[in-house]
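Letter by letter, the chains look like this.
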Amino acid sequence: MQTVVRSPVLVGRAAELAEVRRLVAATAAGGGGSVAVVGEAGIGKTRLLDEIASAAATAGLTVLTGRAVPGGGVFRPLAEAVLPRLDDPAGDGEVVRPYRAALERLRSGTGPESGPGAPDQAVVLGEGLRRLLRATVPGGCVLRLEDLHWADRDTLATVASLTGAGPGLLVAVSCRPGPAATRLATAPGLRVLPLRPLDPAGVAALVAACRDGTPPAEDEVAALHARSEGLPFVVEEMLAAPGRAVPPTFAALVEGRLEALAPAARRAVEAAAVLGPAPDWQVLGPVAGLGEDEIGAALRGGVAEGLLVRDAGGLGWSHALTREAVLAALLPAERARLAARAA
């Protein structure tokens, strides 16, 4: 039987799915709201946002989508989502006109005014967005903003000002755990949905869904759960590439994060991979060839990119396969040199 690469149904998220469908229904009925889907990479944030978008389309709502990216600049996800609406003649009426100067900052990518006499730009822009969307999308809409862990602080402040939403507006965002998620969680009216890894029963259900309902053997489920640590994306990747030590898409994800690191941070992460599942931070500096003042900043870079995590004993890996992917990205000579230093 041919293996399905992606599950055709969302598995293990019954409570979360019920909540987002409730929010969509409330928005379609003239209400509004906001929700943040929070979880690590591969946990299924995008898949849950896809379910929101699908339910919204069925309910007759328009979906406006934007995504934050590393170094994307001020207001990048908001601009991607709403820039076409700025040129809509319906958005030039008296209701929106007082906020046009603030809204134009989405086009120019400039930060807010500053100084003791300046208004709270996040509040002004948030209200302008509400009015603009109400004027240009009178049937109601979902403002879908992904990967806000990459967003600048002005974007986060504006999104936080939108969490009360308004009639016919549902704000649905996603981000990884971290400072952005912490900041958004304090916004009034925001419903936070933290996603957890799948348990063995969830993994079994996901495998069955990928195989047209054929249930997997218990030993296969145990191996997949242990190897994937319950991340749905990794389970699907392992099914699509059986026998591979590191699934290719997961390896590409890790390589992309390595490339985003400063050179010193990448050396620190590579040295940590050679040192094992629980690298000793006290020897990381010499192994990576970094001084005491450099190693701390370098490790913070690895944590910020979601490769390393802090735990009670010091440092760990965001996922067991992350370390293996980092090792696989090393050339044999590089790995041998780091291993010699570690020895």
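Anyway, here's the lowdown on the structure attached to this text.

The rules behind these values
Residues numbered from 1 in each chain as written. Predicted model: local features only at pLDDT ≥ 70, side-chain atom pairs only at ≥ 80, totals over all residues. Heavy atoms only, no water. Helix = DSSP H or I, 4+ residues; strand = E, 2+ residues; numbered from the N terminus. Rg over C-alpha atoms; globule rule 2.2 N^0.38 Å. Buried < 20%, exposed > 50% of the residue type's maximum accessible area, 1.4 Å probe, protein only. Areas by Shrake-Rupley, 256 points an atom, 1.4 Å probe, with all protein chains shown as cover. Lys, Arg positive; Asp, Glu negative; His and termini not counted. Charge placed at Lys NZ, Arg CZ, Asp CG, Glu CD. Pairing = 2+ DSSP bridges. Axes fitted to C-alpha atoms, helices over the stretch in contact; angles between N-to-C directions. Core = buried A, V, L, I, M, F, W, Y, C linked by side-chain atoms within 4.5 Å. Contact = heavy atoms within 4.5 Å. Parallel < 35°, antiparallel > 145°, perpendicular 65-115°, else oblique. Left-handed = near helix turned anticlockwise from the far one by under 90°. Nonpolar A, V, L, I, M, F, W, Y, C, P; charged D, E, K, R; others polar.

### Here we look at the overall build of the protein
Step number 1: Regarding its fold elements, the protein presents 16 helices and seven strands.
Step number 2: Relative to a compact globule of 343 residues, whose C-alpha radius of gyration would be 20 Å, the protein shows 23 Å and is just as compact.
Step number 3: Its C-alpha atoms give the protein principal-axis dimensions of about 70 × 55 × 30 Å.
Step number 4: Taking all 343 residues of the protein together, 46% fall into the buried category.
Step number 5: Accessible surface for the protein amounts to roughly 15500 Å². Of this, 56% is attributable to carbon and sulfur atoms.
Step number 6: Side-chain charges in the protein split into 34 positive and 37 negative, and the spacing between the mean points of these groups amounts to 2 Å.

### Quick look at the sheet that holds strand β1 (residues 32-38)
Step number 1: Spatial strand order, β2-β3-β4-β1-β5: five strands in an open sheet with parallel pairing. At either margin of the open sheet sits one strand with a lone partner, and together these are β2 (62-67) and β5 (190-194). For this sheet, the mean angle separating the axes of adjacent strands, direction not counted, is 15°.
Step number 2: Of the pairings in the sheet, the one linking β1 to β5 comprises five bridges and is parallel in character. Among the inter-strand pairings, Ser34 is bridged to a residue of β5, identified as Leu190.

### Details of the nonpolar core
Step number 1: Ranked by internal contacts, the top residues of the largest apolar core, which has 61 residues, are Ile52 and Val269.
Step number 2: By residue number, the principal contributor to this core is helix α12 (residues 263-275), which donates six residues.
Step number 3: Setting aside residues up to four positions removed in sequence, Val269 forms contacts with Leu258, Leu261, Gly302, Leu307, Leu308, Trp317 and Val326.
Step number 4: In this structure, Ala68, Ala81, Leu169 and Ala180 belong to the second largest nonpolar core, which totals 37 residues.

### A look at the packing of helix α8 (residues 200-210) against helix α10 (residues 232-240)
Step number 1: Remark: α8 packs on α10, axes separated minimally by 10 Å, with the N-to-C direction vectors making an angle of 45°. For the element pair α8 / α10, the angle class is oblique. The way α8 lies across α10 gives a crossing that is right-handed. Of the residues in α10, those touching α8 at Val203, Leu206, Val207 and Cys210 are Pro232, Val235, Glu236 and Leu239.
Step number 2: Among the residues making up the contact of α8 with α10, the classes are represented as seven nonpolar, no polar and one charged.

### Notes on the environment of Asp280
Step number 1: Tracing the backbone shows Asp280 in the loop between α12 and α13 (281-288).
Step number 2: The exposure class of Asp280 is partly exposed, given its relative accessible area of 35%.
Step number 3: With 36 residues separating them along the chain, Asp280 and Gly316 place their C-alpha atoms 9.4 Å apart.

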